[in-house]
Amino acid sequence: MRQMAILLLLAMMTLSGCVATRKPAPPRLISGAVPEGYTTQVRLLASDVELYDKRSPGFFKGIRDSATDGSIDILALSGGGAGGAFGVGALTGLSRAHNRPQYELVTGVSVGALLAPFAYLGPDWDDAMLQALGEDRTANLLGPPPVTLFSRLLFPRGVGHSKLYKLVDGFVTPAMIEAVAREDAKGRRLLVATTDLDKQETVIWNLGAVAARGGEVARETFRDVLIASASVPGMFPPTLIHVYDGEHHYDELHVDGSVTAPVFIMPLIAVLRPGQLSTLRGANLYMIVNGQVHRFPKTTPVKTLTVLTSSFGAGLVFKTREAIADTVEFSQQYGVDFKITSIPADYPMNSFIDFDGKHLVSLFHYAADCAERGQLWVTPEQGLRRNLMAHRLPPSGPPACPQEDPVITPAKP
């Protein structure tokens, strides 16, 4: 008991010290503060109506004009931690089947943000994606759970660089920055979300505008935004983003975008300012959910780390369902063809922080095989029906693909 008290005291002292070392946050909700050397084109606070009104005409025009085949294709990649292996497999399988369009708009959150640049740059970057996010790079990303928990309590900004930092810094190369900048110049858009803890708001980052700056500064900003978007609170240290408003320097503390937006197509404000959304009428919208939106009940051990991860996971699942419902409404209003894929309820999933190599390999091959066979995409209604059918009984044998009916073994009398 005495040792636990000492640990808690050390944690409070260390937290106080870390907070004291950062600069204050910008004092206003809406301000012109951005990373130094960039314009306000680089990001959008989800509630900034004025900036959205100014930028949306050019933003949507670029998307429309870049659709050289006459079809606007949009891809949204959700969070999901270790479930990101599903997204990697899905993209790889679509490439193998030669059934992956050029996406005019790609959005990503959390692990979906890490996938987003590769999805945006197309099948030619699949090898780089597998090298960067394959199981040998992401397995055991968190380290032993007890060590992870206490190290995050004691050192919320990390000791040195986290494993996530090293992972992302390794694949965000000058070549990637140059390639993203070229595609952005054509009007295609690459967006990811972080959560600004100081404002408690979603921030949408235009990574094409970041890349357009060029050089090492752009690479570092691009990298830091991706790290922030994937920094699950308590599992990875938050990311400090240094910003400047022309007069004063500030620090912002950013964490996982899934805290406020598990998956997105447009900033929330777009729904209230629909003038430009008609540009997307008739578009094809694809959403890869790197997790399960329904799951079989499992007995939760009464352990601190398990309760924390299960609570965060439950919130993520519920908010993802809400985002899907909002996307359904948007699609119906604008005649958008909305297809979705997620890890089916009868797939044997563990926690979203289970980065075990065997689990990642199995999930990757499952998604890749379904995509190659043309069994990946479903309508939201089809996905709901499939998951509810699977919920009759616990999974038995290999799960069917998202587009197939689940294999259900009759209950024993």
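Relevant structure appears above.
Residues numbered from 1 in each chain as written. Predicted model: local features only at pLDDT ≥ 70, side-chain atom pairs only at ≥ 80, totals over all residues. Heavy atoms only, no water.

A few words now on the nonpolar core. Core analysis: the largest hydrophobic core is formed by 77 residues, its most contacted members being Leu-133, Phe-171, Phe-222 and Leu-226. The leading source of residues in this core is helix α4 (residues 111-121), at eight residues. Residues Met-266, Leu-285, Val-293 and Val-328 belong to the second largest nonpolar core, which totals 37 residues. (Core = buried A, V, L, I, M, F, W, Y, C linked by side-chain atoms within 4.5 Å. Buried < 20%, exposed > 50% of the residue type's maximum accessible area, 1.4 Å probe, protein only. Helix = DSSP H or I, 4+ residues; strand = E, 2+ residues; numbered from the N terminus.)

Bringing the packing of aromatic side chains into the picture now. For any two aromatic rings, the description comes down to two numbers: the centre-to-centre distance and the angle of the planes. Taken as a whole and judged by the stated rule, the model has six aromatic pairs. Judged by centre distance (5.3 Å) and plane angle (85°), the ring pair of Phe-59 and Phe-60 falls under edge-to-face. Note on accessibility: Phe-59 and Phe-60 belong to one class, buried. Plain terms: the ring middles of Tyr-103 and Tyr-286 are 6.2 Å apart, the flat faces sit at 70° to each other, and that makes the pair edge-to-face. Of this pair, Tyr-103 sits in the loop between α3 (84-96) and β3 (105-109) while Tyr-286 sits in strand β8 (residues 284-289), and the two are 183 residues apart along the sequence. (Phe/Tyr/Trp six-rings, centres within 6.5 Å; stacked < 30°, edge-to-face > 60°.)

Among the eight residues of strand β7 (residues 249-256), seven are classified as buried, and the element is accordingly described as predominantly covered. With three bridges joining them, strand β4 (residues 189-196) and β7 adopt antiparallel strand pairing. Bridging across to β7, Asp-196 finds its partner in His-254. As defined by bridge partners, strand β6 (residues 239-244) adjoins β7 across six bridges and the pair is classed as antiparallel. (Pairing = 2+ DSSP bridges.)

Okay, the packing of α4 against helix α11 (residues 215-229) next. Closest axis-to-axis distance for the α4/α11 pair is 6 Å, and the angle between their directions is 140°. On the basis of the axis angle, α4 is oblique to α11. For the pair formed by α4 and α11, the contact residues are Ala-113, Leu-114 and Pro-117 on the first element and Phe-222, Leu-226 and Ser-229 on the second. Each residue belonging to the contact of α4 with α11 can be placed in one class, and the counts come to five nonpolar, one polar and no charged. (Axes fitted to C-alpha atoms, helices over the stretch in contact; angles between N-to-C directions. Parallel < 35°, antiparallel > 145°, perpendicular 65-115°, else oblique. Contact = heavy atoms within 4.5 Å. Nonpolar A, V, L, I, M, F, W, Y, C, P; charged D, E, K, R; others polar.)

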